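# Commentary on secondary and tertiary structure
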Amino acid sequence: MGSLSLTDGQFGILYNIFSFGLVSMLACTVYTLVSQSRVLPKYRGALVMSSMVTFIAGYHYMRIFNSFDSSFEAGALKTGTGAGAFNEAYRYVDWILTVPLLLVEVIAVLGLAKAASSSLISRLVPASAAMIALGYPGEISNVNNTKVLYGVLSTIPFLYILYVLFVELSKSLDRQPEGVAATVGRLRLLLIATWGVYPISYLLPILDSANAASAGAFVNRQIGYTIADVLAKCVFGLTILKIAKMKSAAEGMKEGS
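Please read these numbers as outputs of a predicted model, since none were measured by experiment.

Let's shift gears to the overall build of the protein. Looking only at helices and strands, the protein features eight helices and three strands. Sequence-ordered secondary structure for the protein, helices as α and strands as β, is β-α-α-β-β-α-α-α-α-α-α. Taking 257 residues into account, the globule formula puts the C-alpha radius of gyration at 18 Å, and the protein, at 20 Å, falls close to it. Taken along the three principal axes of its C-alpha coordinates, the protein extends 60 × 35 × 25 Å. For the protein, the residues scored as buried account for 49% of the 257 residues in total. Taking the intrachain contacts of the protein between residues at least 6 apart in sequence as the baseline, contacts between residues at least 24 apart amount to 81%. For the protein, the computed accessible surface area is about 11,800 Å², with 65% contributed by carbon and sulfur atoms. If the 19 positive side-chain charges of the protein are averaged to one point and the 14 negative ones to another, these points end up 10 Å apart.

What follows is the structure in C-alpha cells.
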C-alpha cells in the first residue's frame with residue numbers, strides 16, 4: 001500500500017468534487033423520475049433507465065466519497081489495493097453497469113422497431129462492457145507498457161460503438177419527428193466529448209510519467225473523471241428526457257396532460 005501527501009487545498013477540492021458528483025446524480029435521479037408523466041407511456045422506459053443510471057452512479061459516488069474520507073489520515077491518502085486504501089474500483093463497477101444502460105436508453109427513447117432495437121442493443125451492450133473491462137487492468141497498473149496495451153485494447157470496442165452510433169443508428173433517424181434527429185446528433189457529440197475526457201485522464205500518468213504518482217496528477221484525474229461522469233450521465237439523461245418530450249408532442253401529447 002502506498003500513500004499520497006495531499007495539501008489542505010487538494011483535500012478540499014476532492015472532497016467538494018466528489019460531493020458535487022453525488023448530489024448531481026441524486027438530483028437528476030429525482031428529476032427524471034418525477035418527469036415520467038410528461039411523456040407518453042411508451043417512452044417512460046427510457047426515463048426509468050436514465051434514473052437507474054444516475055441512481056447507480058449516485059450510490060457509487062457515495063462509496064467513493066466515503067472511501068476518500070476514510071482513507072485520508074494525517075495529511076496522507078492511502079492508495080493501492082490494501083485494506084483502508086482509496087478504492088478506485090468503485091468507478092469501474094459503476095461504469096460497467098451504467099455505460100451499457102446509457103446506450104440502451106438512446107435506443108429505447110427512439111421507439112424503433114423491435115428487430116432494429118434488438119440488433120443495435122445486442123451489439124452496443126457487449127462492446128461497452130468490453131471497453132470498460134479492458135480499461136481497468138491498465139488503470140490500476142503502474143507499468144506504462146501495460147497501461148498502453150490495455151488502453152489500445154479498450155479503444156477497439158469504443159471505435160466499434162462509435163461506428164454503430166454514427167453509421168448504423170443514422171439509418172433509423174430519417175423517420176423521426178422534426179428536431180429529434182438533430183437532438184440525437186447533439187447527443188452523440190455529447191457522448192464523444194464526455195467519453196473523450198476518460199482516456200485523457202487515463203493517459204495523464206503516461207504523458208507525465210515523471211509526476212504520474214504525484215498528488216497533483218491524482219487530483220486532476222479524479223476531477224476529470226467526475227466532471228465527465230456528470231456530463232455523460234446527468235446532461236445525457238436530461239437530453240433523453242427532451243427527446244422523449246419531443247416525440248410525445250409529435251404524437252399528440254399536450255404539455256401538462
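Moving on, there is more to tell.
What follows is about the environment of Val 109. Along the polypeptide, Val 109 turns up in helix H3 (residues 89–110). Residue classification places Val 109 among the buried positions, given a relative accessible area of 1%. Distance in space between the C-alpha atoms of Val 109 and Gln 36 is 13 Å, their sequence separation being 73 residues. Val 109 has contacts with Tyr 43, Ala 46, Ile 240, Ile 243, Ala 244 and Lys 247, leaving out every residue within four places of it along the chain.

This paragraph deals with a nonpolar patch on the surface. A cluster of nonpolar side chains, namely Val 30, Tyr 31, Leu 33, Val 34 and Leu 238, defines an oily patch on the protein surface of about 460 Å² accessible area. Counting residues per element, the nonpolar patch draws most heavily on helix H1 (residues 8–34), which supplies four residues. By the secondary structure assignment, Leu 238 is in helix H8 (residues 215–250).

The subject of this paragraph is empty space enclosed by the protein. Rolling a probe over the atoms, with the probe sized like a water molecule, indicates the empty space that remains. In total, this model carries one cavity of 30 Å³ or more according to the counting rule given. Here the largest cavity defines a volume of roughly 30 Å³. If you go around the largest cavity, the residues you meet are Val 106, Leu 165, Leu 187, Arg 188, Leu 191 and Phe 236. Among the elements that line the lining of the largest cavity, the one with the most residues is helix H6 (residues 180–195), at three residues.

To continue, consider the pattern of salt bridges. Within this structure, the stated rule accounts for seven salt bridges. Note that Glu 73 and Lys 78 form a salt bridge whose closest N and O atoms lie 3.8 Å from each other. Between Arg 91 and Asp 229 there is a salt bridge, and its shortest N-O distance comes to 3.3 Å. Of this pair, Arg 91 sits in helix H3 while Asp 229 sits in helix H8, placing them 138 residues apart in sequence. As far as the burial class goes, Arg 91 and Asp 229 line up, both buried. Each of Glu 88, Arg 91, Asp 94, Asp 229 and Lys 233 takes part in salt bridges that share partners, so that together they form one network.

Below, the discussion takes up the packing of aromatic side chains. Tallying each qualifying case throughout the model produces 13 aromatic pairs. Between Tyr 92 and Trp 95 the ring centres are 4.8 Å apart and the planes differ by 65°, which places this aromatic pair in the edge-to-face class. Here Tyr 92 and its partner Trp 95 are both found in helix H3, three residues apart, which amounts to about one turn of the helix. Considered together, Tyr 92 and Trp 95 belong to a single accessibility category, that of buried residues. Here the aromatic residues Phe 11, Tyr 15, Phe 18, Phe 65, Phe 68, Phe 72, Phe 86 and Phe 218 are joined through ring pairs into a cluster of three or more. Lying over the aromatic face of Phe 166, Arg 188 brings its terminal NZ or CZ to 4.8 Å of the ring centre.

Rules of the game
Residues numbered from 1 in each chain as written. Predicted model: local features only at pLDDT ≥ 70, side-chain atom pairs only at ≥ 80, totals over all residues. Heavy atoms only, no water. Helix = DSSP H or I, 4+ residues; strand = E, 2+ residues; numbered from the N terminus. Rg over C-alpha atoms; globule rule 2.2 N^0.38 Å. Buried < 20%, exposed > 50% of the residue type's maximum accessible area, 1.4 Å probe, protein only. Contact = heavy atoms within 4.5 Å. Areas by Shrake-Rupley, 256 points an atom, 1.4 Å probe, with all protein chains shown as cover. Lys, Arg positive; Asp, Glu negative; His and termini not counted. Charge placed at Lys NZ, Arg CZ, Asp CG, Glu CD. Patch = residues over 30% accessible without salt bridge, like charges linked within 9 Å, V, L, I, M, F, W, Y side chains within 5 Å. Salt bridge = Lys/Arg side-chain N within 4 Å of Asp/Glu carboxyl O. 1 Å grid on protein atoms, 1.4 Å probe; cavity = no way out; pocket = protein on both sides within 12 Å on 5 of 7 lines; lining within 4 Å. Points joined across faces, edges and corners; volume = space filled by probe spheres on them. Phe/Tyr/Trp six-rings, centres within 6.5 Å; stacked < 30°, edge-to-face > 60°. Lys NZ or Arg CZ within 6 Å of the ring centre and 35° of its normal.

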